[in-house]
Amino acid sequence: MEDYRPDPDSLLAAIQKQDAQHNRGKLKIFLGMSAGVGKTYAMLESAHRFKAEGGDVVVGYVETHKRPDTTALLDGLEIIPPLLIEYRGSSLRELDTDAIIRRKPQLVLVDELAHTNAQGCRHTKRYQDVIELLDAGLDVWTTVNVQHFESRADAVRQITGITVHETIPDSLLDTANEIELIDLSPQDLRKRLSEGKVYTAERVEVASNNFFRVGNLTALREMALRLTAEHVDHKLQDYMQIKRIAGPWKSGERLMVAVGPSPFSERLIRWTRRIAYNLEAEWLVVYIETSQPLSIEEKKRLARNITLARSLGGEIVTATGDNIAETLLRVARQRNVSQIVLGKPQHSRWQLLLRGGSLVDKIIRSSGEIDIMVVTGDDSSDAPPITFYSNPETRSKIKQYLWALLFIAIVILVDLGIFNLLVVGYQAIGLIDLFAVLVIAAYLGRGPALLAASISALSWNFLFIDPRFTLIINQAQDVILVLLYFAIALFTGNLTSRIRRQERQARYHTERTQALYTLAHQTATAINMDDVLKTAVDQISSVFDAEVAILIAKGDELEHEPHESSSLVIDEKEYSVALWVYEHKKPAGRFTETLALVTKGQYIPLLTPTRIVGVIGIRTRQNERLSFDQEGLLETFISQIALVIERELLDESAEQSAMLRESERLYTTLLNSISHELRTPIATIKGASSSLLNHTTNDNIQNRTQLIHDIEDSADRLNRLVENLLDMSRLESGRLSLKWDWCDLTDIIGVALKQLGEYQTRNIQLDLPADLPLIYVDFGLMVQILVNLLDNACRYTPPDKPIRITASKYQKQLHVSVIDKGTGIPPELLERVFDKFYRLPGTTTGGTGLGLSISRGLAEAHKATIKAENMPEGGAKFTLILSLLQSPPPVQEAKYD
């Protein structure tokens, strides 16, 4: 069909998918029903053919399971060495993604796509490594069994009784450029199993009696075949969309049934389900949304019909258009439908004549290659009259007709005044009446416009065309003029009414799109869970005029109290319904078939592809059921909200996991550091105390004095360790308070030198100008900063080398530096030395790694900074930079009486 235009959304999705695949590597999946069908063997055979044709192929990871035939196929192929991960005393082999990307081959072989990587790898799952390779522009061939796809895991558990823990998302099927099914009959596979070609001898009997039973294998084989067929079908639909092929291509059967608010639709749905089951075909349920409003009863029937279709496994499709036949055929061609199911028309011949034929006749005339099946309705005399899919009519009320009569009467009076006073021709009167008909059509509808057109045509003839006050027309041109006026009035009135309805419909759809955009934007930019839930409640309340309550899942339980932003009050009865929804993952409450009479609201599970994250309760303020399109919009809202809530929960879990890992790392580091730092002074104190208890040593004054000094130095060392830990605790808790005062830097340095303990004998040189200004600091904390800097310098400087302390003034800053003569710091680690518990690699001097971190924290509390740098002649330099923005108070002379 030359005028065929594909659905813009479907076309855009197909083009985007094609562009995404064009910019990345190609993925080929060797799919099998279970282990042992020969996926790896087939992949390696294809790789040898690829290499023989001049292709560059490497083996990223292949698991041969020590099968001789498979192992032999590795010969002649380049193998990228695996990444070795140490785990619980053993070395695990994993895919080395970085090495493969550096090698940049044309094709990579990666076995066992659903494999879970060992701890320590960049990605949790191997399929994530494959995606990274594809994003790098490398083609990948891989293998996987059908039971590992997420959508098939539950069915596999029901069939085999075995839970599949290693799963991959079905979206990988959309990513795949090609799927090659490696098929084998169940009997042949069991034969291979008995010959030891699948598992080792000790596992053969157990596997044969459990997973590898004929029934299990047959069911898995059907799954694999269906999965491959679905992939091929989706590829075909994308191809037809991009190439603008109208279809259908009858490569497979696909049924479509048209439903509406008619009670007969229920019969159509069940009949289509039976036929689709017999043909083993997919089936669609299509509802065409027109500008014709539905009554409350029709909304209820439509909702029941859609619910029935969804429960029977039909795919629900909605489309918009007033031309039912044209819209149905457009959807059928877009979805490659082979057969359309329609209900037999039950209108009288006169009704069909007035409507220009039945819907069935119109579709049959334009269906082309699509087969049409017409189903007979129920002959029961009790059945309500059927108005299935008639052309939409404006259901104007009596009030609108009365307004039309009043308006056209006023216009006729105005016509008389103009005609008599201004002496204008009857042609101008006709144009005025035509304008009045257009106004009525635009604001009151098609029915009142038809009435106005009839009355205005008669009044125009009777009152203004000669001979006046008669219905007789003497001139032929006036006859033609009246007939054309009547026809034009009807046509333009009908057209104006239709445009008005379409404008309202377009505005309604724009509002829906805007609502979805607003929800997506606000939830995506929300900072935390509270903002997400508040946004969700506000948006649903505004769009659907409803009270809303959201209950979030915590762990495996549903919170008893709704979120504080909720507007719907939840009592014990309401919560019991919400809990049932959470446990069964199905809607319940009002307007459903479950617990409808015991609750005021409707409760819907917040489901994601992997779990349920909560329950949302809704009660409309009008206490009426939402229309079908509103229910569809609500489902989209809820799906979006569920995904955002899951994102927030995952972020919280990731943050908690990171905190736990960091806490565990800090705990281990702290324990190791403190245990080392505690052990040395405690051992010294214990040894000196034991020696003092010895009478021979105690009687020697020189030995006794030395032992007492050792105990004192060790006690000072322990005291500094405890002070460092307390300082770090105060810094992190924010409870550190400074005692500000004007201090002399020379006094601070002097006190710091006295607190060096065992390092007091070191050669420390002072280079301090005589005119140093006073500084506004906390004296005790500033002493602690210098003690930590000097202690660090003493640890890394040989005993015979000096340590320098310098001070200098630069504009409004005072620089105080501690310079050692050690080995210096690697340039890339100059900032890391200030991290908690960090010590330079290869350090043997001990320490907790807290001194420099505490010094920087105390400096920042003073609004100062500390930086580290290497000296050209060797050694490191730590500089404390203090601000001198404030001036000390003037010195006041003492007054004497």
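Everything numeric in this text was worked out from a predicted model, so none of it was measured.

Definitions and limits used
- Residues numbered from 1 in each chain as written.
- Predicted model: local features only at pLDDT ≥ 70, side-chain atom pairs only at ≥ 80, totals over all residues.
- Heavy atoms only, no water.
- Salt bridge = Lys/Arg side-chain N within 4 Å of Asp/Glu carboxyl O.
- Helix = DSSP H or I, 4+ residues; strand = E, 2+ residues; numbered from the N terminus.
- Buried < 20%, exposed > 50% of the residue type's maximum accessible area, 1.4 Å probe, protein only.
- Pairing = 2+ DSSP bridges.
- Contact = heavy atoms within 4.5 Å.
- Axes fitted to C-alpha atoms, helices over the stretch in contact; angles between N-to-C directions.
- Expected span 1.5 Å × (residues − 1).

(A) Structural view of the pattern of salt bridges. Enumeration over the complete set of coordinates arrives at 20 salt bridges. We note a salt bridge from Arg-122 to Glu-132, for which the minimum N-O separation is 3.0 Å. Highlighted residues: Arg-122 in the loop between strand E6 (107-110) and helix H5 (126-135) and Glu-132 in helix H5, separated in sequence by 10 residues. Glu-132 sits in the partly exposed class, given a relative accessible area of 22%. Two residues, Glu-831 and Arg-856, come together in a salt bridge whose shortest N-O distance is 3.0 Å. With Glu-831 in the loop between strand E23 (813-819) and helix H27 (851-861) and Arg-856 in helix H27, this residue pair connects regions lying 25 residues apart in the sequence. We classify Glu-831 as partly exposed; its relative accessible area is 49%. In this structure Arg-856 comes out as buried when scored by relative accessible area, which is 19%.

(B) Representation of the sheet that holds strand E8 (residues 178-182) within the structure. Pairing is parallel in the open sheet, where six strands are placed in the order E3-E2-E6-E7-E1-E8. Bordering the open sheet on either side are strand E3 (78-79) and E8, each of which pairs with just one other strand. Of the pairings in the sheet, the one linking E6 to strand E7 (residues 139-145) comprises four bridges and is parallel in character. By the bridge assignment for E7, Val-108 is matched with Val-140. Across the face of the sheet, helix H2 (residues 39-52) comes into contact with strand E1 (27-32), strand E2 (57-61), E6, E7 and E8 while running at roughly 160° to E7.

(C) Inspection of helix H17 (residues 426-444) at higher detail. The end-to-end C-alpha distance of H17, which contains 19 residues, comes to 26 Å, matching closely the 27 Å that a straight helix rising 1.5 Å per residue would cover. Along H17, the residues classified as buried are Tyr-426, Ile-429, Gly-430, Asp-433, Leu-434, Ala-436, Val-437, Ile-440, Ala-441, Ala-442 and Leu-444. Just downstream of H17, Gly-445 is the residue with a positive phi angle, here 115°.

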